[in-house]
Amino acid sequence: MSKITELTRHLETLHINDMYKNDFYWTWDKTDEELDAIFTVADALRDLRERNKSTRVFDSGLGISIFRDNSTRTRFSFASACNLLGLQCQDLDEKKSQIAHGETVRETANMVSFMADVIGIRDDMFIGEGHKYQKTFMDAVKEGYRDGILEQQPTLVNLQCDVDHPTQCMADMLHVIHQFGGVENLKGKKVAMTWAYSPSYGKPLSVPQGVIGLFTRFGMDVVLAHPEGYDVMPEVEEIARKNAAATGGSYRKVSSMEEAFESADIVYPKSWAPFAAMEERTKLYQAGDKAGIDALEQRLLAQNATHKDWACTEEMMKKTKNGSALYLHCLPADITGLSCPEGEVDRSVFDRYLVPLYKQASFKPYIIAAMIMMSKVKDPVAALRAMDESGDKRKIF
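All right, on to the overall build of the chain then. Across its full length, the chain holds 16 helices and 11 strands. Taken over the C-alpha trace, the chain has a radius of gyration of 21 Å; the compact-globule value for 397 residues is 21 Å, and the two agree within 12%. Overall, the C-alpha framework of the chain stretches about 55 × 55 × 45 Å when taken along its three principal axes. Taking the 48 positively charged and 58 negatively charged side chains of the chain as two groups, their mean positions are separated by 4 Å.

Below you can see the structure in the form of structure tokens.
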């Protein structure tokens, strides 16, 4: 049996009709079967591309990307995903648009969406603002479609907000699934999602929140570790607890990296800013208090510096299961002795995991493409089989 046959047969068994013409905000909005569908379609698209099959389900149309924060991997992953499916990607640069002249979100949403099929938005800098902006933008798009302004209704892919980073965390999980030989092998595996020291300030909370919100759905034993004061959103922790209870896994918090790493199968050491501090920064930003923001930054940098021992060192890795846990990072990492004098991870550890880290990142374009396809293609099983049976090649040799 071919891989596509196996994957599409599995896809046929899933209840996924609600994904069509729907948006993707947070992983916990989706059912287990809907997440399974994303993983399955991502694997199918990758298999087709590796066999040089055309995966164009569109012969025209736009994918609009709006990055309100810096990005390399996610920006290019979104562009790659759009291109893979036959869409042209256009990045909206707010500094070069009429937004700088006071254009409203509603006007922007409709003006950029005339021939758009999907809109990817990253807005992760300010607590309480990122998800709200995405919702406001898409509500305007839906209203434009209802009013007959738009000929089709674009769907959203959350490319990171203040709450979740679904494309990253689902790419992480698909990497884990492949590394451990299938979903069935994940139950009981210990995952250490830990804070790590960084010499920079204000990293979003959405990656650790996304990890605890997703990995607890697979019966894994998820441990969150951070110094005092570096809490994540309590409502996301509650989601993690409910997920763990439902799947037979566990979710707990500890106060040391050492305890989290002990016998861990997977480690994810990454810096993030304290939730309370991010709330404070949002208020300062809304008040236009630049001096207050600068003072907060200095205070948090000093606070970070008191926790330099929170680092993924060779000694720390020896505490993991057989001393060889799978190391994950969303990248770019703060690498001690390379990108900074002291950071999240020792250079020797990072270098040893360089190939699996790049493989981890390689799943993101396919995850995004799967999210787009499931929202825009009514019968994904038929579409994937048609691609497989077609003589159309991605290249002409």
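Here the focus is the sheet that holds strand E6 (residues 221-225). Pairing in this open sheet of five strands is parallel, and the strands run E7-E6-E5-E8-E9 from one edge to the other. Of all the strands in the sheet, the pair left with one neighbour each is strand E7 (250-254) and strand E9 (326-327). Of the pairings in the sheet, the one linking strand E8 (residues 266-269) to E9 comprises two bridges and is parallel in character. The residue of E9 that forms the bridge with valine 267 is tyrosine 327.

Our next topic: the pairing of strand E3 (residues 116-123). With eight of its eight residues buried, E3 lies for the most part within the structure. Alignment of strand E1 (residues 62-67) against E3, held across six bridges, turns out to be parallel. Following the sheet pairing, isoleucine 66 is matched in E3 by isoleucine 121. Bridging between E3 and strand E4 (residues 155-161) involves five bridges; their strand directions are parallel. Within the sheet, the bridge partner assigned to isoleucine 119 lies in E4 and is leucine 156. With helix H5 (residues 130-146) bridging E3 and the parallel E4, this β-α-β connection has right-handed handedness.

Cut-offs applied
- Residues numbered from 1 in each chain as written.
- Predicted model: local features only at pLDDT ≥ 70, side-chain atom pairs only at ≥ 80, totals over all residues.
- Heavy atoms only, no water.
- Helix = DSSP H or I, 4+ residues; strand = E, 2+ residues; numbered from the N terminus.
- Rg over C-alpha atoms; globule rule 2.2 N^0.38 Å.
- Lys, Arg positive; Asp, Glu negative; His and termini not counted.
- Charge placed at Lys NZ, Arg CZ, Asp CG, Glu CD.
- Pairing = 2+ DSSP bridges.
- Buried < 20%, exposed > 50% of the residue type's maximum accessible area, 1.4 Å probe, protein only.
- Right-handed = clockwise from strand over helix to strand, strands pointing away.

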